[in-house]
Amino acid sequence: MTDSKYFTTTKKGEIFELKAELNSDKKEKKKEAVKKVIASMTVGKDVSALFPDVVNCMQTDNLELKKLVYLYLMNYAKSQPDMAIMAVNTFVKDCEDPNPLIRALAVRTMGCIRVDKITEYLCEPLRKCLKDEDPYVRKTAAVCVAKLHDINAQLVEDQGFLDTLKDLISDSNPMVVANAVAALSEIAESHPSSNLLDLNPQSINKLLTALNECTEWGQIFILDCLANYMPKDDREAQSICERVTPRLSHANSAVVLSAVKVLMKFMEMLSKDLDYYGTLLKKLAPPLVTLLSAEPELQYVALRNINLIVQKRPEILKHEMKVFFVKYNDPIYVKLEKLDIMIRLASQANIAQVLAELKEYATEVDVDFVRKAVRAIGRCAIKVEQSAERCVSTLLDLIQTKVNYVVQEAIVVIKDIFRKYPNKYESVIATLCENLDSLDEPEARAAMIWIVGEYAERIDNADELLESFLEGFHDESTQVQLQLLTAIVKLFLKKPTETQELVQQVLSLATQDSDNPDLRDRGYIYWRLLSTDPVAAKEVVLAEKPLISEETDLIEPTLLDELICYIGTLASVYHKPPSAFVEGSRGVVHKSLPPRTGSSESAESPEAAPSAGQAAEQPAVIPAQGDLLGDLLNLDLGPPVSGPPLAASSVQMGAVDLLGGGLDSLLRSDVGGSPAMGGGGGFAAPGPAVPASMGAPLGSGLGDLFDLTGGVGTLSGSYVAPKSVWLPAMKAKGLEISGTFSRQVGSISMDLVLTNKALQVMSDFAIQFNRNSFGLAPAAPLQVHAPLAPNQSVEISLPLNTVGSVMKMDPLNNLQVAVKNNIDVFYFSTLYPLHILFVEDGKMERQMFLATWKDIPNENEAQFQIKDCSLSADAVSSKLQGSNIFTIAKRNVEGQDMLYQSLKLTNGIWVLAELRIQPNNPTFTLSLKCRAPEVSQHVYQAYDTILKN
């Protein structure tokens, strides 16, 4: 008898009976009872009252019974954490069971019980299982580490499990390797800054060796991991491609797509002249074609991915047009996708074949498909000029069929053909006008009206045709009304004497009788143009139109590059980056293709780290899962702006309160007074010049003190980065905030520009910072003296101090900010350059410097290269002194200048530096020593930024 019988009983007093059966001495009765409990649990009954009785059944050798009890445990451990602790001993015991299946089962269940209290008890058993002699147990334990990390990341790091996972990448068993890679990838996704998968040629070699022997899902994990690796040069890229290529013939389509992703990514690094590049292109086509013989759902996913591949590298499938021809029994979603790809692959060589096929489709029964086929003919005409003539005659044949929707689509595409090839095919206009009465769709009516207005001088009865549309003007859609208004104005400018009444009629309909603001505004503009300057009106309305481009629906190149990195995932089906549809506080790191061949630097090395100007590749700073703000408010913190690119934040922030009464108390003091007198424009001059912020009010009387100089110059010319947008208007209901940080005469300020891009007035501004590494906090309220009207900007210099509460951030210079106004509270995060924290008394005595240099241990020394800097030693010294980096001594050793420098941060940390400058070598070597080595990377970036600006 099957287990379905367990789902049919619904007796009263059942719990009591089950309790008695669970405590029975007979093994069979116990098993029956547990099955009944699981059945009740599955249909949604609450059987948590039986927790202690079920847990007692764990002490058994019967694997089936054990599995059932573990299933029950996973379900109820969260609601009964105190009870669940009772089961811990059994887990610990089961992890040492002689049967590897039981050991693996125990460790798998432990990972699924998401109860904080229990997690620490699980560390020891997990540690043993990670080193178990049986590979099945090790591979299960590897996944368990990822689950445990999700519950308590700190615990996993403290217990050293991450290092054990990294060791498992070198395991002898390929499945263990694959699971270790999968676990590390998942952990790395939620902590993008952690650099867990520290891939190097040796570890890549191990992964490629394991690749051949894994199960299919193991292969996918490894291939996805390889796709995130950046080969150091084209030779390494080619060797990886050679070893991944055999995966293209795998039976599982997911493996094939993952392999295609790796190859598409690494092909970027191969020179097109290589023989291997051509071979690889040839090898990529057959597996993609094979995917199209699968079931429709798989075909659709394959087609969406092929659509991206064809946009990136059309040459791969240029000879495979036939496989994209539509079959009679394809579902509509597959048909439409195939059509799209056919047009993308259309070229002079195959256009005859394509057109014959499309003409056939246009006589199909499926309306949506026919419409798309007719549009496709038009797109072919625009794409392949030599075929335009043939396309137009095909469209005319279709119009002769008098099938309503075919005619309408044909007119819409002919309008585009006119735009692409002016003065070539206007002879067909007469045929189009015959079908005017049958048009009932807005787009077709609008297209026809455009044609009549554009070629009014060639159509004798143009005024009558347009007048026929005017009769039901108010019933037309907006698109048609706008087009009709413009067409009649064009007609008036071409034949002023005959159409004066018509134009007056349409202008009064548009301006007086319509309540659509777009239509009204356009009507008023035309009215004023015509009444004040008819010549100007002619120039505006009848201006030469630019030709339309070939492919209007191509995906924007940077987005396409990102989507290529996501081949085989949902992003490639939606054609949207994950950040557009994945919600939640997990950091989504933007991926991009490797740089094209020729750039030999490895992106891993600090020398190749981009300078502060390249904000494009900045990862998003998004609160980690444990972050209260991220959970409660589901913050959409944009990417950090300004400052060097560093890995995304993954700080466990605890209960941080950005708002807790603080902002409200700031807001209660209503600030009145005159609007802020902003300083200069968006770009502050580097060097000793006055930054844009100097003229701005600094609040709390500081402005008067600093304005003593009359804004002529300052004592310290610390480098000020150009302002960049920190909070885009679309994320803050119309409030755009851009800014930069500066340090003047020992005072740090945040120089902001607030722009109101909304339609309502903004007021009651206030600002607050989250706790951060150096205790940065506003030293005065955010003073916007007058309400900010729409389209108005105000420049403000907000003085900062470093006496706020401190919490180490990741990256170190990450600052999370909340800004409040009368509309809402908005959050953003930015990276501040570290040199704003270099204090003026950072010059160390020589003897002290020597003693400190020797005293700081050698492992705290970090070395960096500053590239493309052609300044002399003296110029370097004076430039750095402007930003409070002081040269203590200068020596010349074997023809190279050595500068010994010191600087001090606001929190009292000293950093000592040795800068080696060789004549005629634009690369400087910077050695930094510091008792807090984590600041070295940021100090190097400050050096790099200051010297290059």
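Rules behind the numbers
- The residue numbers shown here count from 1 along each chain, following its written sequence.
- Side-chain atom pairs in this predicted model are given and counted only at pLDDT of 80 or more, local residue features only at pLDDT of at least 70, and totals for whole chains, interfaces and linings cover all residues.
- Side-chain numbers come from the whole structure's heavy atoms, not from hydrogens or water.
- UniProt positions are given in the numbering used here, feature names are shortened, and annotations may be inferred rather than shown by experiment.
- Helix and strand assignments come from DSSP, with helices taken as H or I runs of at least 4 residues and strands as E runs of at least 2, each series counted from the N terminus.
- Here the term buried applies to any residue with accessible area under 20% of the maximum for its type, exposed to any over 50%, and partly exposed to those in between, with areas from a 1.4 Å probe on protein chains only.
- Residue contacts are counted whenever heavy atoms from the two residues lie within 4.5 Å of one another.
- Like-charged residues are merged into a patch within 9 Å and nonpolar side chains (Val, Leu, Ile, Met, Phe, Trp, Tyr) within 5 Å, provided each residue has over 30% relative accessible area and no salt bridge.
- Note on areas: these come from Shrake-Rupley sampling with a 1.4 Å probe, and a residue is covered only by the protein chains present in the view.
- Any carboxyl oxygen of Asp or Glu that lies within 4 Å of a side-chain nitrogen of Lys or Arg is treated as forming a salt bridge with it.
- Charged residues are defined narrowly, with Lys and Arg counted positive, Asp and Glu counted negative, and His plus the chain ends left uncounted.
- A charge is said to be at NZ when it belongs to Lys, at CZ for Arg, at CG for Asp and at CD for Glu.
- Each residue gets a pLDDT score, which is the predictor's confidence in that residue and runs from 0 to 100.
- A strand pair is defined by DSSP finding two or more bridges across the two strands.
- Think of a polar contact as two N or O atoms within 3.5 Å of one another; within protein, one of them needs to be a possible hydrogen donor and the other a possible acceptor, and neighboring residues in sequence only count if both atoms come from side chains.
- Geometry of aromatic contacts follows a simple scheme: Phe, Tyr and Trp rings, the Trp one being its six-membered ring, pair when their centres are within 6.5 Å, and the pair is stacked under 30 degrees between planes, edge-to-face over 60, tilted otherwise.
- A helix is expected to span 1.5 Å for every residue after the first.
- Helix axes are fitted to C-alpha atoms over the stretch in contact, other axes to C-alpha atoms as well, and angles between N-to-C directions run from 0 to 180 degrees.

By the naming in an unreviewed UniProt entry, the protein is AP complex subunit beta, taken from Anser cygnoides. Quoted verbatim from the Subcellular location (unreviewed entry) field of UniProt, the annotation for the protein is "Endomembrane system". Turning to the protein, the UniProt record has this under Sequence similarities (unreviewed entry): "Belongs to the adaptor complexes large subunit family."

**As for the side chain of S877**
Looking at the element boundaries, S877 is found in helix α38 (residues 873-881). Using a relative accessible area of 14% as the deciding quantity, one classes S877 as buried. Once residues within four sequence positions are removed from consideration, S877 is found in contact with T887 and L899.

**Considering a negative patch on the surface**
Together, E464, E467, E471 and E501 make up a region of like negative charge exposed at the surface. By the secondary structure assignment, E464 is in helix α26 (residues 462-470). On the accessibility criterion, E464 (52% relative accessible area) is exposed.

**A word on the confidence of the model for the protein**
Caution is warranted with low-pLDDT regions, since their predicted coordinates should not be read in detail. When pLDDT is averaged across the protein, the result is 80; 84% of the residues are at 70 or more. Per-element confidence in the protein is highest for strand β5 (residues 777-778), whose mean pLDDT is 93, and lowest for helix α36 (residues 702-706), whose mean pLDDT is 33. Residue range residues 598-716 is modelled with pLDDT below 50. Its contacts to residues more than four positions away, or to other chains, number 238 contacts.

**Details of the sheet that holds strand β3 (residues 747-756)**
In spatial order, the strands read β1-β2-β3-β6-β5; together these 5 strands make up an open sheet with antiparallel pairing. Single-partner strands in this sheet number two, and they are β1 (724-727) and β5. Bridging between β3 and strand β6 (residues 793-801) involves 8 bridges; their strand directions are antiparallel. By the bridge assignment for β6, L754 is matched with V794.

**Here's the deal with the side chain of R103**
Along the polypeptide, R103 turns up in helix α7 (residues 100-112). Owing to a relative accessible area of 7%, R103 belongs among the buried residues under this scheme. Engagement of the side chain of R103 in a polar contact is seen with the side chain of D132, the distance being 2.8 Å. Not counting residues up to four positions away in its chain, the partners in contact with R103 are D94, C95, E96, D97, P98, D132, E133, D134 and V137.

**Focus on unusual backbone geometry**
Cis geometry marks the peptide bond from D810 to P811, where omega comes out at 0°. Assignment of secondary structure puts P811 in the loop between β6 and β7 (814-820). Phi is positive for K402, which is not a glycine, with a value near 60°. Tracing the sequence through the fold places K402 in the loop between α22 (388-400) and α23 (404-420). In this model, D764 sits at a positive phi of 55°, which is unusual for a non-glycine residue. Assessed through its relative accessible area of 44%, D764 is described here as partly exposed.

**Remarks on the pattern of salt bridges**
If you walk through the whole model with that rule in mind, you get 35 salt bridges. Between R743 and E840 there is a salt bridge whose closest N-O contact spans 2.9 Å. Placement of the pair is R743 in strand β2 (residues 735-744) and E840 in the loop between β8 (825-831) and α37 (846-855), with a sequence separation of 97 residues. Given the relative accessible area of 3%, R743 is considered buried. Given the relative accessible area of 34%, E840 is considered partly exposed.

**Comments concerning the packing of aromatic side chains**
What characterises a pair of aromatic rings is the spacing of the ring centres plus the angle enclosed by the ring planes. A full pass over the atoms with the stated rule returns 11 aromatic pairs. Consider the rings of Y574 and F581, whose centres lie 4.8 Å apart with planes at 85°: the pair is edge-to-face. Classification of Y574 as partly exposed rests on a relative accessible area of 44%. Owing to a relative accessible area of 29%, F581 belongs among the partly exposed residues under this scheme. For the pair F741 and Y832, a centre-to-centre distance of 6.1 Å together with 70° between the ring planes defines the contact as edge-to-face. With F741 in strand β2 and Y832 in the loop between β8 and α37, the pair connects residues that are 91 residues apart, well separated along the chain. Residue Y832 is classed as buried on the basis of its relative accessible area, which comes to 0%.

**Describing helix α14 (residues 216-227)**
Relative to the 16 Å expected for 12 residues at 1.5 Å per residue, α14 spans 16 Å between its end C-alpha atoms, a close match to the ideal helical length. Buried within α14 are the following residues: G218, Q219, I220, I222, L223, C225, L226 and A227. On the buried face of α14, the contacting elements are α12 (174-190), α13 (201-211), α15 (234-244) and α16 (253-267).

**Examining the environment of E934**
Note on placement: E934 falls in the loop between β13 (924-930) and α39 (936-948). Each C-alpha atom of the pair E934 and P811 lies 9.8 Å from the other, and the pair is 123 residues apart in sequence. If sequence neighbours within four positions are ignored, E934 has contacts with K808 and L812.

**Thoughts on the sheet that holds strand β10 (residues 886-893)**
Strand order in the open sheet made by the 5 strands is β9-β13-β12-β11-β10, with antiparallel pairing throughout. Two strands in the sheet have a free side with no partner beyond their single neighbour: β9 (861-866) and β10. In this sheet, adjacent strand axes meet at a mean angle of 20° when their direction is disregarded. Direction of pairing for strand β12 (residues 910-917) relative to β13: antiparallel, over a ladder of 6 bridges. Bridge assignment links L912 to a residue of β13, and that residue is K929.

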